[in-house]
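Structural overview
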Amino acid sequence: MLYRAIDRSDYKAGKVYYPYPTKRLPSNVPYVVDNLWEWAKPSEYPSRRHAAYASPCPKQASESSVANDPVVCTLEWHGERKVAQHRVVADAKEHRDVRQLPKLLFNILGREWPSLALEDKGTEGLLWVPGLDAPEVQQILESGLFQNHIEELKAAINFWDEAELISRSEPDSNSSGELFFEYNGGYSLNILT
């Protein structure tokens, strides 16, 4: 079972939640890290850009909620979905990639790169643009200072190595790992009794 906590005033019995029509940009992960994660994402995994998030237990759902008056709900699926669980962190903002990937990029670019004028930063600076697709990231990496470091960058991304696809079976309720899912047919919430 997956759990989400929403504000009690937002709860409407029977409401179906459908996928976001546009990309969801992260509020707790730097755009450059989000872009690299999207670039390295295995095709069978849900995209964090179009995902909703859940918890493997009610307590974690309640603790991770930003709602003023949270109510914990179970999810009821309507149609196909892709679900993954991160086994290491309860929130992606805590993942070591968030600190390590920018450091690696700046090591490749050199200490003086952040101080360069905008016109001298080249295509490398585009890697920090919000919401890049995998082909756009690939294009940036293939030009300029990153072109000889593509395999090094891919090997440095640990997020997907520590995530696991959840089939029709249940997620690991003993893990505090973040769950994220794409849900083409939508889902409903039912208040946990």
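Report on the accompanying structure.

1. Considering the sheet that holds strand β2 (residues 16–17)
Spatially, β1-β4-β8-β2 is the arrangement adopted by the four strands of the open sheet, whose pairing is antiparallel. At either margin of the open sheet sits one strand with a lone partner, and together these are β1 (3–7) and β2. Where strand β4 (residues 70–77) lies against strand β8 (residues 187–191), five bridges are found, and the strand directions are antiparallel. Within β8, the residue paired with Glu 76 across the bridge is Ser 188.

2. Structural notes on the state of the cysteines
Counted by the stated rule, this structure contains zero disulfides. Here Cys 57 stays free of any disulfide, with the sulfur of Cys 73 as its closest cysteine sulfur at 15 Å. Owing to a relative accessible area of 0%, Cys 73 belongs among the buried residues under this scheme.

3. Some thoughts on the side chain of Ser 188
When you line up the elements, Ser 188 lands in strand β8. By relative accessible area, which is 5% here, Ser 188 ends up buried.

4. Re the packing of helix α1 (residues 31–40) against helix α4 (residues 134–142)
At a minimum axis separation of 8 Å, α1 and α4 run at an interaxial angle of 105 degrees. The angle between the axes of α1 and α4 places the two elements in the roughly perpendicular class. Counting all contacts with α1, which are made through Asn 35, Leu 36, Glu 38 and Trp 39, the residues of α4 involved are Ala 134, Val 137, Gln 138 and Leu 141. Taken together, the residues of the contact of α1 with α4 sort by class into five nonpolar, two polar and one charged.

5. Considering the nonpolar core
By size, the foremost hydrophobic cluster in this structure holds 31 residues, and its most contacted members are Trp 37, Trp 39, Leu 127 and Trp 160. Broken down by secondary-structure element, the contributors of at least two residues to this core are α1, α3 (97–109), α4 and α5 (150–156). With near-sequence residues (within four places) excluded, Leu 127 lies in contact with Val 32, Asn 35, Leu 36, Leu 105, Leu 132, Val 137, Ile 140, Leu 141 and Phe 146.

6. A closer look at the pattern of salt bridges
Oppositely charged side chains can form a pair if their charged atoms are brought close together. Inspection of every chain in the model, using the stated rule, returns seven salt bridges. Residue Glu 164 is joined to Arg 87 by a salt bridge in which the shortest nitrogen-to-oxygen separation is 3.0 Å. Here Arg 87 lies in the loop between β5 (81–86) and α3 and Glu 164 lies in strand β6 (residues 163–166), a separation of 77 residues in the sequence. Residue classification places Glu 164 among the partly exposed positions, given a relative accessible area of 38%.

7. A look at the packing of aromatic side chains
For any two aromatic rings, the description comes down to two numbers: the centre-to-centre distance and the angle of the planes. As enumerated under the stated definition, the model contains 15 aromatic pairs in all. Seen from their ring centres, Tyr 17 and Tyr 187 are 5.2 Å apart, and the 15 degrees between their planes marks the pair as stacked. Highlighted residues: Tyr 17 in strand β2 and Tyr 187 in strand β8, separated in sequence by 170 residues. Like Tyr 17, the residue Tyr 187 is buried in the burial classification. Where Tyr 183 meets Tyr 187, the ring centres are 4.9 Å apart and the plane angle is 75 degrees; that geometry is what we call edge-to-face. What makes Tyr 187 buried here is its relative accessible area of 3%.

Rules behind the numbers
Residues numbered from 1 in each chain as written. Predicted model: local features only at pLDDT ≥ 70, side-chain atom pairs only at ≥ 80, totals over all residues. Heavy atoms only, no water. Pairing = 2+ DSSP bridges. Helix = DSSP H or I, 4+ residues; strand = E, 2+ residues; numbered from the N terminus. Disulfide = S-S within 2.5 Å. Buried < 20%, exposed > 50% of the residue type's maximum accessible area, 1.4 Å probe, protein only. Axes fitted to C-alpha atoms, helices over the stretch in contact; angles between N-to-C directions. Parallel < 35°, antiparallel > 145°, perpendicular 65-115°, else oblique. Contact = heavy atoms within 4.5 Å. Nonpolar A, V, L, I, M, F, W, Y, C, P; charged D, E, K, R; others polar. Core = buried A, V, L, I, M, F, W, Y, C linked by side-chain atoms within 4.5 Å. Salt bridge = Lys/Arg side-chain N within 4 Å of Asp/Glu carboxyl O. Phe/Tyr/Trp six-rings, centres within 6.5 Å; stacked < 30°, edge-to-face > 60°.

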